[in-house]
Amino acid sequence: MSMQKMHLRAKLARGDAPTALVLKNAKVINVFNGKITQDDIAIDGGKIIGIGNYTGEREIDLEGKFVAPGLIDAHMHMESTLVAPDQMARIIVPRGTTTVIADPHEIANVAGLAGIRYMIEASEKTALNGFFMMPSCVPATPFENSGAVLTRDSLAELIDHKMVLGLGEVMNYVGVINGDQDMIEKMELANHMIIDGHGPEISGKSLNAYVINGIRTEHECTTVAEMEERIGLGMYIAIREGSAARNLDTLIQGVNTHTKHLCMFCTDDKHPEDILREGHIDYNVRRAIELGMDPITALQLATINPARCYNLRDIGAIAPGYDADLIILDDLNSFNIVQVYKKGSLVADHKKALFDSQKVDPSSVMNTVKIKSVTPEQFRIKLNSDLVNVIHMTPESIVTNRAVRRVYLDLDGYFTPNKLLDVVKIAVIERHGNTHNIGLGLIENFNLKNGAIATTIAHDSHNIIVIGDSDSDMAVAVNELIRVQGGITIAQNGAIKATLELPIAGLMSTDSMENVSEKLSELRKIAYESLQISNKVDPFMTLSFMALPVIPELKITDQGYFDVTSFDWIGIEVEG
């Protein structure tokens, strides 16, 4: 900043000249000391100049409404909104989220650095602060095939970008704990920055080994005990409230006077329907208040805490020198946001965006389903024993268990579904390099009947994952995704019932979030009514996580079953 500009700012802060804008008669929420004062907020050049009694070239009387800093999502994947960044910003900014810390490892697993560059460029064209963490695990593990491999040298190309804050969630926790050279090299690259964690259920000395080289955050806590152990090591905890994983109600019990400064809010993965119905980070704040948290504390978790965690010096508070990213509320307890300012400009009014985002050409991340059609025969499972390992899925959780079940075989020894047993087929088909890999397995507790669901959203390598009780329907569903170059589809009785097309890397739509949500609702209705899936299950997001081989206990990749606990392959048949 020039000396001249510094002198001007000081002059304005002293009140010696009017600022460009003054928000008058505001209840200003101070996230540093927890106080609320009746003051004016002076703004000039997109910055907060001062709090007090000011005059402006333009003055707006807020008539006693509350003013708080813009909200920050401490950890999220833009791709999970299923829309391009411009459409995401159009929806979440009016709900108060002015900054996101995004890990683009979903699109990076499909399109590598081209995918990351697309997300950064597209975000820069919106009224949203889109900061990024460089994906640390592309692929997530060596036990699956993704569309790209990002090494230390790959990440070095973007690590110094102005919108990059550090290294994204380190999912290969076994590699970190055991000193894997590739992981150590990536962590060394970012050792002057923040490194995000992803270490569910690690404890004791293993946790010490995990954090020793600079991992400072965790968003995978599901119990207060996990949370407290990590806070005791100085880690920031991002309390997640997404679509498939909802941990806020549990973890809020671990937030107290001694721990609150190391707690934040995040969405991680949240679908369009939930964002449109509930909100974004504003929902986390609202829910925390409903559960008894002091509203100022809830705001601190959504503003200054993540700003401090990620060394964002200019956002997260209402104070001189901070960006004028502000939300206006008519009531603090109900947390109803009526207006949003971004760097002093009104960008949203009563949930309606007032800004236009420039679209970015997505052609570099299109046409990513690179396989030929499949046949029903490729989904047949030949067994020598009827005693098998099964993925036991738990509603509203991405954690699974390994279950042993006795299943039905036909006269030729092939698995066959039976209405008396809730076990159906699940498969992952590699879609990036045409390896012809198909990993086959069995899953229970989905309660699917008479059809198949398939999607190109299959964390984290994003191959095609399909579940069904009919080989022919599974093939029809997969072939539909090949035809439309990605999406979510349902097949029944040999025909496609409905499809949501996601042509951007097989992960995102070019359509509006409202239209995507409407199509998802149609698909969900079919899943619940025609396929009889339990309404306790989010069928699409839950299915997408069954391919994630870094979340316990049993998952499936294009190479077969993967036991996350032993970090090794297992067969479908029970050994011994």
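Just above, that's the structure.
Report follows, based on the coordinates. Note that the structure is a prediction, hence the values are computed from the model and not measured. (Residues numbered from 1 in each chain as written. Predicted model: local features only at pLDDT ≥ 70, side-chain atom pairs only at ≥ 80, totals over all residues. Heavy atoms only, no water.)

## Quick notes on the packing of aromatic side chains
- Under the defined criterion, the tally for this structure stands at seven aromatic pairs.
- Seen in terms of ring centroids, Phe-562 and Phe-567 are 5.1 Å apart; in terms of plane orientation they differ by 75°. Their pairing is edge-to-face. Taken individually, Phe-562 and Phe-567 each receive the classification buried, so the pair is uniform in this respect.
- Note on Phe-562 and Trp-569: the rings are 5.4 Å apart at their centroids and 80° apart in plane angle, and the pair reads as edge-to-face.
- Residue classification places Trp-569 among the partly exposed positions, given a relative accessible area of 31%.
- A network of ring pairs unites the aromatic residues Phe-143, Tyr-173, Phe-562, Phe-567 and Trp-569 as a single cluster.
- The cationic tip of Arg-380 hangs over the ring face of Tyr-414; the distance from NZ or CZ to the ring centre is 3.7 Å.
- Here the guanidinium or amino end of Lys-382 rests over the ring plane of Tyr-414, the centre of that ring lying 5.3 Å away. (Phe/Tyr/Trp six-rings, centres within 6.5 Å; stacked < 30°, edge-to-face > 60°. Buried < 20%, exposed > 50% of the residue type's maximum accessible area, 1.4 Å probe, protein only. Lys NZ or Arg CZ within 6 Å of the ring centre and 35° of its normal.)

## A short note on unusual backbone geometry
- Here the bond from Val-138 into Pro-139 is cis, since omega is 0°, no more than 30 degrees from zero.
- Position of Pro-139 among the secondary structure elements: in the loop between strand S8 (129–134) and helix H4 (152–156).
- Here Asn-25, not a glycine, exhibits a phi torsion of approximately 55°, which is positive.
- Within the secondary structure, Asn-25 is located in strand S1 (residues 19–29).
- Classification of Asn-25 by relative accessible area gives partly exposed; the value is 30%.
- Residues other than glycine seldom take positive phi values, yet Asn-434 does so here, at roughly 55°.
- Its relative accessible area of 28% is what places Asn-434 among the partly exposed residues. (Helix = DSSP H or I, 4+ residues; strand = E, 2+ residues; numbered from the N terminus.)

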